[in-house]
Amino acid sequence: MENKLGEKRMSLRRKGRARDVLMPLMSILIVFVPILVLRPRVINYTGFNLLFNMAIPVALATIAQMFAMTISEIDLSIGNLVSLVTCIAGSLLPTRPLLGILLLFGIIAVYMLVGAVLYLRNLQSIVVTIGMSFIWTGLAIMIQPHPGGNVPEFIVGAMNMRTPVVPMPIFFLLILAILLHVLLFKSSFGILLRGMGGNRKAIEQSGHSMLKLQMAVFGMVGLFGILSGFALAGITTSADPNIARNYTLIAVASVVLGGGSFAGGTVSAVGVVLGACTMTLVGTLLTFLRISPDWQIGAQGIIILAVLFINSQLKKSGKVRYV
Amino acid sequence: MSDTAVNNRTPVELLKNFISIRWAWSYTGVVIVFLMVAMVSRNPFQTLAASISFASFFVLVGLGQMLVITNGPGNIDLSIPYTIALAGSFAMKVMGGMDSGIFMGILAGIAAGSAVGAFNFMLIRFALIPPMIATLASSFIVRTLAIVFFRGMLIKPPRGLEVFVNVKILQVPILFLLVILLSVAVHLLLSRTAYGRGIQAIGQNTKAAWLAGVKVNSRKLITYTLSGVFAGITGVLLAAFSGGATLGMGDEYLLNSIAVVVLGGTSIAGGDSNVQGIIGASVLLYLIVNFLNIIGFGASLRYIVTGVVIVGIILAAGHGKGRK
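Numbering of residues starts from 1 in every chain and runs along the sequence as written. Chain labels run from A onward and ligand labels from 1 onward, assigned in the order the entries are written. Local features in a predicted model are, by the rule used here, given only for residues with pLDDT of at least 70; side-chain atom pairs are given and counted only at 80 or more, and totals for whole chains, interfaces and linings are based on all residues.

A. Just the overall build of chain A, in detail. Going along the chain from the N terminus, every DSSP run of H or I of four or more residues is numbered as a helix, and every run of E of two or more is numbered as a strand. The helix and strand inventory of chain A stands at 14 helices and 0 strands. In sequence order, the secondary structure elements of chain A are arranged as α-α-α-α-α-α-α-α-α-α-α-α-α-α. Here the C-alpha atoms of chain A give a radius of gyration of 20 Å, agreeing with the 20 Å that 2.2 N^0.38 yields for 323 residues. Taking the principal axes of the C-alpha coordinates as reference, chain A spans close to 70 × 55 × 40 Å. The exposure label follows from counting other C-beta atoms within 10 Å of a residue's C-beta, where the C-beta atoms are placed from the backbone and the thresholds are 20 or more for buried and 12 or fewer for exposed, leaving partly exposed in between. Relative to its 323 residues, chain A shows a buried fraction of 49%. Residue pairs in contact within chain A that sit at least 24 positions apart in sequence constitute 80% of those at least 6 positions apart. The quantity called the radius of gyration is restricted to C-alpha atoms. Its globule counterpart is 2.2 Å times the number of residues to the power 0.38. Whether two residues are in contact depends on their C-beta atoms, placed from the backbone: they are in contact if these lie within 7 Å.

B. Spatial organisation of the environment of Ile108 of chain A. Residues and elements named next belong to chain A. Relative to the helices and strands, Ile108 is located in helix H5 (residues 97-120). When the C-alpha atoms of Ile108 and Thr62 are compared, they prove to be 17 Å apart, with 46 residues separating the residues in sequence. If near-sequence neighbours (up to four positions away) are discounted, Ile108 is found in contact with Gly219, Gly222 and Leu223.

C. Layout of the interface of chain A and chain B. Each partner contributes to the interface: chain A provides 42 residues, whereas chain B provides 44 residues. Broken down by secondary-structure element, the contributors of at least two residues to the side of chain A that touches chain B are helix H6 (125-143), helix H12 (247-257) and helix H14 (296-315) of chain A. With 14 residues, the single largest contributor to the side of chain A that touches chain B is H6 of chain A. Split by residue class, the side of chain A that touches chain B holds 28 nonpolar, 10 polar and 4 charged. When residues are grouped by polarity, Ala, Val, Leu, Ile, Met, Phe, Trp, Tyr, Cys and Pro land in nonpolar, Asp, Glu, Lys and Arg in charged, and all others, Gly among them, in polar.

D. View of the nonpolar core. Joining buried Ala, Val, Leu, Ile, Met, Phe, Trp, Tyr and Cys residues through C-beta atoms within 7 Å gives a set, and that set is a nonpolar core. Val252 and Ala253 of chain A together with Ala91, Ile133 and Leu287 of chain B are the most contacted members of the largest nonpolar core, which totals 216 residues. Ignoring sequence-local partners within four residues, the contact set of Val252 of chain A consists of Gln65 and Ile74 of chain A together with Met132, Ile133 and Leu136 of chain B.

E. Structural view of unusual backbone geometry. Residues and elements named next belong to chain B. One non-glycine residue, Leu128, adopts positive backbone phi at about 55 degrees. Relative to the elements of secondary structure, Leu128 occurs in the loop between helix H6 (102-126) and helix H7 (131-150). Of note, the phi angle at Gln171 is positive, near 75 degrees, even though the residue is not glycine. For Gln171, the position within the fold is in the loop between strand S1 (168-169) and strand S2 (172-173).

F. How the structure looks around the environment of Ile233 of chain B. Residue and element names in this part refer to chain B. Relative to the assigned elements, Ile233 resides in helix H12 (residues 216-241). Ile233 sits in the buried class, given 26 other C-beta atoms within 10 Å. Contact partners of Ile233, with chain neighbours within four places excluded, come to Leu60, Gly109 and Ile110.

The following block contains the structure:
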């Protein structure tokens, strides 16, 4: 009897793990396959390049949000940060590079400070990052009040790089997913990170400094936010203080699509990157279906709901009497 | 006995006691910023009146957001901005610029808001989607509805409503009086009714509340619907106040609705709410912006100062989140 129960539990756990990547995989196929069927001509080097181009900044912002969400925090300022970084890249780096670089390091320092303060004062990240969002937007407007600027050649060049055989965006996203997977599941930092989301007390009592960990995690959020801003500036070749405002919510949605949870602890590197790709490709699919761009954001909403609905029905064990 | 205890307190103790009142921070801020305004402005009361008019809308959305947040960790309504836009556009369309349509228009706005709120709850309850994502996804859909139905055009309000929302009684904007009335109503709802007590219990411990017989599902349905209703009312009044409904009219309310609730002393962890603080926090945020305007600060510095004030008050008031 005992043995049977144990077996059942094991099989459940295994199923759970497979599903972590299965759902994001299914959701991207739902979007991607129709694109290929509708427009077979995109199946070439340039076509894939264009399809997945914008997935790069979205994926990087999603990874930033993922770091926060894995330890059950959230960053509601990430979109504002990404916008600010496009302004720094397009406006400060060409004219006053030293100030620009200092500012970028400053951003990471501020993020680490936010992480420390959240821990020391036991505050909610949701509120503190709302405050930060105003500060990032203020700085962005100060640097570049209107869209414009002149993004340096090395950033634009990097985003338009022509890699052999596999287009750069796919190459990049693949490497990103692998590196992230190694960081999350093969390094001690990753184990601590996931542990903090799962059981903070356990990690604390095993002698790790919560302060340092929290600072490190928020440093990563800032770093990936900056990378996302660079990628976006490289693709759009413009600095715009409002360009990425909706990234905050898109990133949260992508993390959840990718199998992450608000409770923290659960995460999948491949899932997160796939989630970001799904969110990016929805718009393309609708264009190919000749549906007005007005419906794009609504369709993103419906896809998120559909995927999560299926997911919750699969996970649901027994009757839920209240939420 | 308690009287002497109060009388014997040292100033330091009294100050500590004052600081422990969470909503005291926002009102202290209002007084300080008002004194600063008085130093630079010839007519500080006019500045205050202008701030109060705009702050009324923050209070309105804040009341709904507060009820949602009261339900405990994870409960939040991100659909407020586009609910405002949808309800405002819908109401203006129904009114059609005619004074005779005002009543039906207001009803239409409230109906649109409550429909979005109830839909949010359905997603949370039956699709088991976390509130943050459920309200976010539904706001995407609501935004699309607003675009498709109203083509993002400016729809003008009827003259009668436009005049009404700009009325001042003894220098005090009528909008603010209306909002005070609603705030009192929400305060009574929270402290005196089974519904209010219920959601506070849910916020403190959902399982315990459920075991104690609190109707968790119906309480949450009412909460999310009310949040939609408040957003709907905001949409109607804001459209009338600013000369018409536009698609982006609710954008600034996404983060501000949460900010005023928390600055007002409501615990973001839920179960402990504060209505009077929302009013103080809303007036404070607008008064600061107006003060910076008067002394000639640009948009960028206004944003930065607002952010610093939000972070500063959170740090100073520093109520913990009480992790379980």
